[in-house]
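Spelled out from the first residue to the last, the chains are:
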Amino acid sequence: MPGFELFGDKERQQVNDVLDSGVLMRYGFDGMRNGHWKALELEKKLVEKMQVKHTQLVSSGTAALTVALASAGIGAGDEVIMPTFTFVASFESILAIGAVPILVDVDDTLALNPQAVENAITERTKVVMPVHMCGSMADLKALKTICDKHNLLLLEDACQAIGGTFENKPLGSYGDLGCFSFDYVKTVTCGEGGAVITNNDTYKINADHYSDHGHDHVGKDRGAETHPFLGYNFRISELHAAVGLAQIERLDEFLAIQKKNYSVLREALQDLPNVEFRRVPEGGKESYAFLSFFLPNTETAKKAHGELGKAGVDACFYWFDNNWHYYREWQHLIEKKSLGRLPAEVQKQLPDYSKSDFSASDKWVGRTISCLVKLGWSSEEVEERAQKMKKVLSGL
Ligand SMILES: *Cc1c(COP(=O)(O)O)cnc(C)c1O
C-alpha cells in the first residue's frame, strides 16, 4: 500500500517546480507561479482516473469526509450510518458538523451489512457511509437500493481502496459522493491530503467554497471575493498536491504491483482448511492493498497474529484488539469525551454505545487477520513471506 515506498525523481521534480516558483498556495498569486497549478492539475487527473465530473482536493481524508457531508447540506442532528469497523475519521467527520454517527454492524465483506443498515434507518437518517476497508468494498448495489428506497445519500469512504472497482466503476464514484485520503501511509500519498469526488455540480461548488472559508472563487482579487456561506480552511497546499501529482501518474503501476504481490500470498494460503478469505461482493474488484482472511475463531486468530509476528511476517493486523479501527476501543466516543460541550442534538441522539450489541461484527472481525500488501517487496521477499505465512497458519 504505501506509495512512499516508491518515491523517486518524479516526486522530486514536481516539488521542485513549486519551490522554484515560491507559491505554496493553491489559489491566487497568478503572476508569480510560473504557470504551476498543481492542485488544479491533480484535480483534473482525478476526474479522469475516477471517471467523475468533479474533484475537490482538501487537506486530509478526514477533511474530505467532513467537506463531503457539509457539501450536501448535512448538519446538526442528521443521522449518518457508519460501520463498526473503520478508521476513527468516520465519526470524527460526522461529529465535526454536528451530525450523529450511528454505528452499524459489518458482515463477511468487512464492510456495512445492508440488512443492518436498513434496520437502523429512522426519520432522521440522511446518509449511509460505507467504508471500503483494507482494499475491498461494501455491497454497493444493495446499499444503493436501500438509499434510493429511503431517499438517502450514499457517501463512499474509499480511503483504503483507491483503484478498486464495483461494476466497473472506480470505488468512490458509485455513490453520490466519494472520499479519498492521501495521507502518508495510503496507496497514493501527498504526505497529507484528501479528495472528494462527485457528479453533482452543487456539491462540487459547495465543497470548493466550504473548504476555503466560504470563498466564492469567482476569479476576482481574493480580497474582493464574497462568501455565500460559512466555511473552514481545509485547503491542500501546492507542495502536497505536487507530490500527489507524481504519485497519481503511478497509480496503475502501484495497483499492478499490489495485485501481483497479493496473488502470490493468496495462492500460498489457498488450500489451507482453516483459512477463509473475506467476501468480495459480486461485481467488485479489490485494490489488493491488503490480504484479509478469517480463521476458525477468535482464539486461533489471536494466536495466528502473535505467531506471524514471531515468524517475522510484519504488517499483519488483528483489528479486533487494535485501538484505531474497531468500536471496542473507541472509549472516547462511547463515553462522549469531548473537550467542549457536544451540540445538544448529539448529546440527545447519540446512542449509548456502552450498551450496544455488535456481536454480529465481532463474529467476523474477531476472526480476521489483514496483511498489508507492500509495493517495495522484491519477488524473493514476497515468496519467502508467503511460505512463512503458510507455515504459521497450517501449524496453528
Ligand atoms: C486514512 C483514512 C481516513 C482518513 O484519512 P486522513 O487523510 O488520515 O485524515 C479515513 N477513512 C479511512 C478508511 C482511512 O483509512
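Preceding this paragraph is the structure being described.
These lines cover the structure that appears in this document, whether it is placed above or below. Being a predicted model, the structure only gives us computed values, none of them experimental.

**A word on the sheet that holds strand E14 (residues 368–372)**
Pairing in this open sheet of four strands is antiparallel, and the strands run E10-E12-E14-E13 from one edge to the other. Looking at the sheet topology across the chains shown, the edges are occupied by strand E10 (276–277) and strand E13 (316–317). Where strand E12 (residues 290–294) lies against E14, five bridges are found, and the strand directions are antiparallel. Looking across to E14, one finds that serine 292 is bridged to serine 370. Helix-sheet contacts for helix H9 (residues 251–269) involve E10 and E12, and the interaxial angle to E12 is about 20°. The sheet contacts of helix H14 (residues 379–394) involve E12, E13 and E14, and relative to E14 the element is tilted by about 165°.

**Notes on the environment of valine 15**
Residue position: valine 15 is located in helix H1 (residues 9–21). Linking valine 15 and alanine 242, residues 227 residues apart in sequence, is a C-alpha distance of 5.4 Å. Other than its neighbours up to four places away in sequence, valine 15 contacts Leu239, Ala242 and Val243.

**Observations regarding the state of the cysteines**
Scanning the model with the defined rule gives one disulfide in all. Disulfide partner of cysteine 316: cysteine 371, at an S-S distance of 2.1 Å. With the S-S bond torsion at 105°, the cross-link from cysteine 316 to cysteine 371 turns out right-handed. Residue cysteine 316 is found in strand E13, and its partner cysteine 371 is found in strand E14; the two are separated by 55 residues along the sequence. Of the two residues, cysteine 316 and cysteine 371, neither departs from the other in class, the shared state being buried. Its sulfur unpaired, cysteine 134 is 10 Å from the next cysteine sulfur, which belongs to cysteine 371. Overall, cysteine 134 belongs to the buried group, its relative accessible area being 0%. Just so you know, cysteine 190 is unpaired, no disulfide at all, and the nearest cysteine sulfur is the one on cysteine 159, 12 Å from it.

**Quick word on the pairing of strand E1 (residues 54–58)**
The element E1 is largely enclosed, with a buried count of five among its five residues. Where burial is concerned, the two faces of E1 agree: the one with His54, Gln56 and Val58 and the one with Thr55 and Leu57 are both buried. Two elements, E1 and strand E9 (residues 194–198), share five bridges in a ladder whose sense is antiparallel. If you follow threonine 55 over to E9, its bridge partner there is isoleucine 197.

**Points about the packing of helix H2 (residues 38–50) against helix H8 (residues 238–248)**
Relative to each other, H2 and H8 sit at 35°, their axes nearing to 8 Å. Considering only the axes of H2 and H8, their crossing is left-handed. Between H2 and H8, the residues in contact are Lys38, Ala39, Glu41, Leu42, Lys45, Leu46 and Lys49 and Glu238, Ala241, Ala242, Gly244, Leu245 and Ile248, respectively. Classifying every residue of the contact of H2 with H8 gives seven nonpolar, one polar and five charged.

**A few points about the sheet that holds strand E8 (residues 177–181)**
For sheets, the rule is that strands pair by backbone hydrogen bonds, running either parallel or antiparallel. Read across the sheet, seven strands follow the order E1-E9-E8-E5-E4-E2-E3 without closing on themselves; strand pairing throughout is mixed. Lying at the two open borders of the sheet, with one neighbouring strand each, are E1 and strand E3 (100–104). With strand direction ignored, the average angle separating the axes of adjacent strands in the sheet is 25°. Judged from the five bridges that link them, E8 and E9 form a sheet pairing that is antiparallel. Note on E9: the bridge partner recorded for cysteine 179 is valine 196. In this fold helix H7 (residues 201–210) packs onto E1, strand E5 (153–157), E8 and E9, with an angle of close to 20° to the strand it touches most, E1.

About the criteria used
- Residues numbered from 1 in each chain as written.
- Predicted model: local features only at pLDDT ≥ 70, side-chain atom pairs only at ≥ 80, totals over all residues.
- Heavy atoms only, no water.
- Pairing = 2+ DSSP bridges.
- Helix = DSSP H or I, 4+ residues; strand = E, 2+ residues; numbered from the N terminus.
- Contact = heavy atoms within 4.5 Å.
- Axes fitted to C-alpha atoms, helices over the stretch in contact; angles between N-to-C directions.
- Disulfide = S-S within 2.5 Å.
- Buried < 20%, exposed > 50% of the residue type's maximum accessible area, 1.4 Å probe, protein only.
- Left-handed = near helix turned anticlockwise from the far one by under 90°.
- Nonpolar A, V, L, I, M, F, W, Y, C, P; charged D, E, K, R; others polar.

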